[in-house]
Amino acid sequence: MAEFSKLVITNKGQALLAKMIAGSGNIEFTKVSASSTAYTDAQLEGLASLSNVKQTSLISKVTRTNEVAIKVEAAFTNTELTAGYYMKALGLYAVDPDDGEILYAYGYEANHVEYIPTFSAGPMEFLFSMVMQIG
């Protein structure tokens, strides 16, 4: 089973949070993308996009879990995959009112063990819940 890192908010994500706090809008999460690239810790905050994106899923649900946290949910299936891959990174995207869609946050799979097979190996669905806490 995959064990993803804590979500790291990118520089552009931090700028979007600052705009929101200043009253310039809300955060609208748009999608989650899965990548087969293994990134280093030093690359995280400055990351502007994911490379080697293998799958993308729209956000299915955003809920407030308590006074300082939200949960963002998305699902992936293997029905459209033509080649299997190791899911090494997840990117959460949001809309910035000035820059359009940005990579808001990123998480990586530390052990590189989450293999996503093609549909021919059998149907699979992967549900992701990302909890973000402001603090």
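Residues numbered from 1 in each chain as written. Predicted model: local features only at pLDDT ≥ 70, side-chain atom pairs only at ≥ 80, totals over all residues. Heavy atoms only, no water.

### A closer look at the overall build of the protein chain
In step 1: When helices and strands are counted, the protein chain shows one helix and nine strands.
In step 2: Seen in sequence order, the protein chain has helices and strands lined up from the N terminus as β-α-β-β-β-β-β-β-β-β.
In step 3: Over its C-alpha atoms the protein chain spans a radius of gyration of 15 Å, differing by no more than 12% from the 14 Å that the globule rule assigns to 135 residues.
In step 4: If you line up the protein chain on its principal axes, its C-alpha atoms span 50 × 30 × 25 Å.
In step 5: For the protein chain, the residues scored as buried account for 38% of the 135 residues in total.
In step 6: Summarising the internal contacts of the protein chain: among those between residues at least 6 apart in sequence, 70% fall at separations of at least 24.
In step 7: A total accessible area of about 7,600 Å² is found for the protein chain, and carbon and sulfur atoms account for 51% of it. (Helix = DSSP H or I, 4+ residues; strand = E, 2+ residues; numbered from the N terminus. Rg over C-alpha atoms; globule rule 2.2 N^0.38 Å. Buried < 20%, exposed > 50% of the residue type's maximum accessible area, 1.4 Å probe, protein only. Contact = heavy atoms within 4.5 Å. Areas by Shrake-Rupley, 256 points an atom, 1.4 Å probe, with all protein chains shown as cover.)

### Some details on the nonpolar core
In step 1: Membership of the largest hydrophobic core comes to 23 residues, with the highest contact counts inside it found for Phe29, Val32, Leu92 and Tyr104.
In step 2: It is strand β9 (residues 125-133) that provides the largest number of residues to this core, a total of four residues.
In step 3: Setting aside anything within four residues of it in sequence, one finds phenylalanine 29 in contact with Ile59, Val62, Ile70, Val72, Leu92, Tyr93, Ala94, Tyr104 and Met132.
In step 4: If you look at the next biggest cluster of nonpolar residues, it comprises seven residues, including Leu47, Leu50, Tyr93 and Tyr106. (Core = buried A, V, L, I, M, F, W, Y, C linked by side-chain atoms within 4.5 Å.)

### Section: the environment of threonine 56
In step 1: With respect to the helices and strands, the residue threonine 56 is situated in strand β3 (residues 53-66).
In step 2: Given the relative accessible area of 45%, threonine 56 is considered partly exposed.
In step 3: Between the C-alpha atoms of threonine 56 and alanine 94, which are 38 residues apart in sequence, the distance is 13 Å.
In step 4: The residues touching threonine 56, leaving out its near neighbours within four places in the chain, are Lys31, Val32, Ser33 and Phe76.

### Remarks on the pairing of strand β2 (residues 28-35)
In step 1: Burial within β2 is extensive, with six of its eight residues counted as buried.
In step 2: Pairing between β2 and strand β6 (residues 89-96): seven bridges, direction antiparallel. Among the inter-strand pairings, phenylalanine 29 is bridged to a residue of β6, identified as alanine 94.
In step 3: Two strands pair when backbone bridges link them, and β2 and β3 are joined in this way by five bridges, in the antiparallel orientation. The residue of β3 that forms the bridge with lysine 31 is leucine 58. (Pairing = 2+ DSSP bridges.)

### Structural notes on the environment of lysine 88
In step 1: Within the secondary structure, lysine 88 is located in the loop between β5 (85-86) and β6.
In step 2: By relative accessible area, lysine 88 is classed as partly exposed at 22%.
In step 3: Sequence separation of lysine 88 and glutamine 133 is 45 residues, and the distance between their C-alpha atoms is 23 Å.

### Thoughts on the pairing of β9
In step 1: The side-chain alternation of β9 yields one buried face, formed by Phe126, Phe128, Met130 and Met132, and one unburied face, formed by Glu125, Leu127, Ser129, Val131 and Gln133.
In step 2: Relative to β9, strand β4 (residues 69-77) is paired through nine bridges, and the arrangement is antiparallel. Pairing of threonine 77 across the sheet is with glutamate 125, part of β9.

### Details of the packing of aromatic side chains
In step 1: What the rule picks out here adds up to four aromatic pairs.
In step 2: Ring centres of phenylalanine 29 and tyrosine 104 lie 5.2 Å apart, and the angle between their planes is 75°; on these two criteria the pair is classed as edge-to-face. Taken together, the positions of phenylalanine 29 in strand β2 and tyrosine 104 in strand β7 (residues 100-108) put the pair 75 residues apart, joining distant regions of the chain. A single burial state applies to phenylalanine 29 and to tyrosine 104, both of which are buried.
In step 3: Plain terms: the ring middles of phenylalanine 76 and phenylalanine 128 are 5.4 Å apart, the flat faces sit at 80° to each other, and that makes the pair edge-to-face. (Phe/Tyr/Trp six-rings, centres within 6.5 Å; stacked < 30°, edge-to-face > 60°.)

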